[in-house]
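Chain and residue survey
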Amino acid sequence: MDIFLKLGKRKGGKDMEKKEIMIHLEGISKSFPQKRGSLEVLKEIDLQIEKGEVFGIIGMSGAGKSTLVRCINLLERPTKGRVYLDGAELTCLPEKELRQQRHSMGMIFQQFHLLMQRTALENVCFPLEISGVPKEMARARAEELLDLVGLGERLGAYPSQLSGGQKQRVAIARALATEPKVLLCDEATSALDPNTTAGVLRLLKDINERLGITIVVITHEMSVIQEICNRVAIIDDGQIAEMGGVEEIFRAPKTQPGRELVYHEGARREALEGPMENCYRVVFRGGISGDPILGGMMVECNAVANILSGNTRMLDGRVYGQMMIQLPEDKEMREKMLAYLREREVEVEEVHYV
Ligand SMILES: Nc1ncnc2c1ncn2[C@@H]1O[C@H](COP(=O)(O)OP(=O)(O)OP(=O)(O)O)[C@@H](O)[C@H]1O
């Protein structure tokens with residue numbers, strides 16, 4: 001298998017770069033038998049995740065995200081296709097060797113899955129003990145990892161004595177115990193409040209940067225993707241609808257599932273509010289509080305835009321603002337206003353619901 005992916009020319013003008021691939025899914029399909037026939041949950045998924053990147057997989061409920069992540073570590077056997085990890089095919093391995101390879105993939109879950117009768121330290125020691133690491137060594141490594149996740153002072157605490165965010169930190173330390181190449185995160189922050197979520201995401205990013213571990217983030221929340229991922233695949237009905245850089249997809253999603261996730265965080269507003277006329281999504285560099293471009297447009301054109309919603313996002317260290325606006329019915333006036341925005345390098349796209 002070719003484990004190098006040619007990326008082509010990048011924005012900064014760098015020449016062709018070769019990136020090594022950590023996870024390669026080739027034509028993955030998965031069906032579950034039903035009383036009558038079968039349910040096709042994944043359909044011919046092709047995906048390459050580079051070494052050292054934080055890759056997001058996003059989709060609405062039932063899209064097949066969890067099944068996909070379980071096919072990566074082969075907790076679920078794909079019906080068709082091959083899975084490669086760091087150049088080695090996993091799908092052809094006998095169960096014993098596969099168990100060995102699974103140590104290269106740590107996983108964390110929404111519900112933490114900690115052993116409630118064991119302390120934080122014992123939870124982290126557990127995978128080391130079952131893989132035969134001597135007790136003292138396991139303990140030393142577990143202490144080091146709990147320190148890394150900010151719980152160096154809570155080694156003796158039981159899960160019931162820890163907050164949700166702390167439990168997830170223990171789970172992260174446990175997942176790192178076997179020194180995996182990849183960390184799979186299945187809705188790891190979905191049970192946490194926004195502040196705790198931000199802390200856990202910062203920790204994951206830090207682990208990615210410090211340890212160079214490839215991270216795969218499964219989520220239904222675009223804000224999670226925007227916070228830490230480099231690239232994202234949007235899954236819809238068991239297929240990849242769209243894939244690309246997070247910034248690129250935020251600025252101009254190309255597919256309907258992509259637009260629903262970016263514009264409305266996955267809520268199907270169309271069904272709730274019905275179509276609207278003359279509505280546009282505008283994306284500004286530098287956030288929406290900086291240059292008063294919309295104000296300038298209204299003064300210059302002597303017409304009013306109805307501001308329907310707006311927010312600011314930080315993507316890869318750069319600030320972007322997005323707004324949903326409604327422009328006047330008069331076509332000539334609308335075009336004048338749109339031209340004003342486009343001249344100022346604001347990205348504008350007509351939307352049919354907000
Ligand atoms: N073991 C199974 N047997 C039968 N059907 C399954 C099984 N696992 C998943 N499914 C079905 O596959 C579809 C996709 O489920 P999956 O959990 O992968 O989606 P998801 O995108 O992770 O959704 P959610 O975020 O709601 O968990 C669903 O219709 C689900 O009922």
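This text gives an overview of the structure that appears in the document. All figures in this text were calculated on a predicted structure; none of them were measured in a lab.

Thresholds, definitions, all that
- Residues numbered from 1 in each chain as written.
- Predicted model: local features only at pLDDT ≥ 70, side-chain atom pairs only at ≥ 80, totals over all residues.
- Heavy atoms only, no water.
- Pairing = 2+ DSSP bridges.
- Helix = DSSP H or I, 4+ residues; strand = E, 2+ residues; numbered from the N terminus.
- Axes fitted to C-alpha atoms, helices over the stretch in contact; angles between N-to-C directions.
- Contact = heavy atoms within 4.5 Å.
- Near = heavy atom within 4 Å.
- Polar contact = N/O pair within 3.5 Å; in protein donor to acceptor, adjacent residues only side chain to side chain.
- Areas by Shrake-Rupley, 256 points an atom, 1.4 Å probe, with all protein chains shown as cover.
- Nonpolar A, V, L, I, M, F, W, Y, C, P; charged D, E, K, R; others polar.
- Buried < 20%, exposed > 50% of the residue type's maximum accessible area, 1.4 Å probe, protein only.
- Lys, Arg positive; Asp, Glu negative; His and termini not counted.
- Salt bridge = Lys/Arg side-chain N within 4 Å of Asp/Glu carboxyl O.

1. What to know about the sheet that holds strand S8 (residues 182-186)
With mixed pairing, the six strands of this open sheet are ordered in space as S7-S8-S9-S4-S10-S11. Of all the strands in the sheet, the pair left with one neighbour each is strand S7 (105-109) and strand S11 (239-245). Averaged over all adjacent pairs, the angle separating strand axes in this sheet is 15°, with direction ignored. Judged from the four bridges that link them, strand S4 (residues 54-58) and strand S10 (residues 231-236) form a sheet pairing that is parallel. Note on S10: the bridge partner recorded for Gly-56 is Val-232. Packing against the sheet, helix H1 (residues 65-72) makes contact with S4, S7, S8, strand S9 (214-219) and S10, and its axis sits at approximately 160° to S8.

2. Focus: the site of the ligand
Within the structure, the ligand sits among Phe-32, Leu-39, Val-41, Met-60, Ser-61, Gly-62, Ala-63, Gly-64, Lys-65, Ser-66 and Thr-67. At 2.7 Å from an oxygen atom of the ligand is found a main-chain nitrogen or oxygen belonging to Gly-62. Between the ligand and Ser-66 there is a distance of 2.9 Å, counted from an oxygen atom to a backbone nitrogen or oxygen. For the ligand, the accessible surface in isolation is 620 Å², of which the surrounding protein chains cover 58%. Of all the secondary structure elements, the ones that give two or more residues to the shell around the ligand are strand S3 (38-50) and H1. The greatest single-element share of the shell around the ligand, amounting to three residues, is contributed by H1. Per-class residue counts for the shell around the ligand are five nonpolar, five polar and one charged.

3. Description of the side chain of Asp-186
Checked against the element boundaries, Asp-186 lands in strand S8. The buried charged residue Asp-186 lacks any salt bridge partner; its closest oppositely charged side chain belongs to Arg-70, at an N-O distance of 6.9 Å. A polar atom in the side chain of Asp-186 sits 3.2 Å from the side chain of Ser-66. Residues in contact with Asp-186, not counting those within four places in the same chain, are Ser-66, Val-69, Met-107, Ile-108, Phe-109, Gln-110 and Ile-218.

These figures capture arrangement, not role.
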